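# Notes for the structure review
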Amino acid sequence: MSAIHQFVPMLHRDDAVGRHTLRLRDLLEARGIESRIYVEMFDPETGAETRLFPRYADDAQRGDVLLYQFATASAIASWLAERRETLAVNYHNVTPPEYYAAWNNPMARHQLRALHERASLAARTSLALAVSAFNEAELRTAGYARTAVVPPAAIAPTAGAAADAPDSPRTAGAGSRWICVGRVAPNKGIELALMALLVARSHHDPDVTLQVVGRPVVPAYTRALERFAAELGIGEAVTFRGGISDADLVAAMAQSDALIMASRHEGFGVPVIEAMTMGLPVVANAAGALPEVIGDAGVLVDATDPYALAGAAARVATDAALRRTLADAGHQRVQALDLPTAGDRAVDLIAALAR
């Protein structure tokens, strides 16, 4: 069979796109299909496993299929548009530029460029995979004719870390513990979680706390969140931990009573899967792909209403019966998504192009 090579702007071992890319590479090679990863920029941790994308011109063989892992703007997009090989796109989501405009104008322009590149590749693409139906709808609107939905092939680091959610809150005898997980970026709506925390401390649990776990993306936004928490009088109740290891993430989730996902725009929501795998109740904004991914395995609210978000989080943190129900539903939802076979499903669709 022809080779199937992947292209990604930068290969990070510890993010969802990077894990997905590496998983597909391993599955392709296990089937005896030659597969290399080409990048625009090297990451020191994965540099030995990648090549700069212009080198593909020297490596190209007749019948190759090129798979672009698309999540941000890159010089790779325009370069692929000029190639003649069969092209597939694996679309992971692009955050709309308006979420960044007030915080970092160059980043907003970068996101706008990504949207233009998404549209420019539509006619050139033989097959576009989306990680959610929400993202697939964006692809269809952008002009992609042949699409399919396959969730990320990355294995959640929390898999097997915990069995069932406890019958009572993990923090019995103390204040409830909320956790937000994901990049600290303006589309994640962390300010909504802060406002809900203020309401919860005033009306439900005066000792409730919040951990914000994730790599800061826009320094101005992170600083504004810290100032906002202080101005609300809840600064001592909020901890910004930044990016942490998989082991530390498992530990943090295991000591939490609710995952709060207040995202205004979300293409999938890997932390939701990680939480459901551990039996950690999820309270999420009914926006983007979150309702699709969560189904009935979490509590969906309008997160722009801090009273609704605070009330839902208070319920899941203290109601043992509800926690058991959500834990059972979460495990069933993870099974229904069938993530262990997602990589094989993606490879099947792409390999069909090579044949």
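Above this text is the structure in question.
Since we're looking at a predicted model, the values are computed, not measured. (Residues numbered from 1 in each chain as written. Predicted model: local features only at pLDDT ≥ 70, side-chain atom pairs only at ≥ 80, totals over all residues. Heavy atoms only, no water.)

## Regarding the environment of V8
Along the chain, V8 falls in strand β1 (residues 4-8). Remark: the alpha-carbon pair of V8 and L290, spanning 282 residues in sequence, is separated by 25 Å. The residues touching V8, leaving out its near neighbours within four places in the chain, are V17, I37, Y38, V39, E40, Q69 and I76. (Helix = DSSP H or I, 4+ residues; strand = E, 2+ residues; numbered from the N terminus. Contact = heavy atoms within 4.5 Å.)

## Examining the packing of aromatic side chains
In this structure the tally under the stated criterion is nine aromatic pairs. Judged by centre distance (5.6 Å) and plane angle (85 degrees), the rings of Y38 and Y56 are edge-to-face. Of the two residues, Y38 sits in strand β2 (residues 37-39) while Y56 sits in helix α2 (residues 56-59), which places them 18 residues apart along the sequence. Each of the two residues, Y38 as well as Y56, counts as buried. (Phe/Tyr/Trp six-rings, centres within 6.5 Å; stacked < 30°, edge-to-face > 60°. Buried < 20%, exposed > 50% of the residue type's maximum accessible area, 1.4 Å probe, protein only.)

## Here's the deal with the sheet that holds strand β3 (residues 50-52)
Here we have seven strands laid out as an open sheet, ordered β3-β2-β1-β4-β5-β6-β7, and parallel in their pairing. Among the strands making up the open sheet, the edge pair consists of β3 and β7 (147-149). With direction set aside, neighbouring strand axes in the sheet form an average angle of 25 degrees. Note that strand β6 (residues 127-130) and β7 share three bridges and pair parallel. Following the sheet pairing, A130 is matched in β7 by V149. Most of the contacts of helix α6 (residues 133-141) go to β7, to which it runs at about 170 degrees, and overall it touches β5 (86-91), β6 and β7. (Pairing = 2+ DSSP bridges. Axes fitted to C-alpha atoms, helices over the stretch in contact; angles between N-to-C directions.)

## A word on helix α7 (residues 190-203)
If you check α7, its first and last C-alpha atoms are 20 Å apart, about what 14 residues at 1.5 Å a residue would give, namely 20 Å. All of the buried residues along α7 are I190, E191, L192, A193, L194, A196, L197, V199 and A200. Of the surrounding elements, those touching the buried residues of α7 are β8 (177-181), β9 (209-213), α8 (219-231), β10 (238-242), β11 (258-261) and α12 (306-318). (Expected span 1.5 Å × (residues − 1).)

## Some remarks on the sheet that holds β11
The six strands are arranged β10-β9-β8-β11-β12-β13 in an open sheet whose pairing can be described as parallel. Every other strand in the sheet has two partners, leaving β10 and β13 (299-301) as the edge strands with one partner each. Between one strand axis and the next, the sheet turns by 20 degrees as a mean value, whatever way the strands run. When β9 meets β10, the two strands line up parallel, connected through four bridges. Bridged to V213 within β10 is G242.

## Some thoughts on the packing of helix α10 (residues 270-278) against helix α13 (residues 320-337)
Taken N-terminus to C-terminus, the directions of α10 and α13 make an angle of 125 degrees; their axes are 8 Å apart at the nearest point. When the interaxial angle is binned, α10 and α13 end up oblique. Where α10 crosses over α13, the handedness of that crossing is left-handed. Here I273, M276 and T277 of α10 come into contact with α13, specifically with G330, H331, R333, V334 and L337. Residue composition of the contact of α10 with α13, by class: four nonpolar, three polar and one charged. (Parallel < 35°, antiparallel > 145°, perpendicular 65-115°, else oblique. Left-handed = near helix turned anticlockwise from the far one by under 90°. Nonpolar A, V, L, I, M, F, W, Y, C, P; charged D, E, K, R; others polar.)

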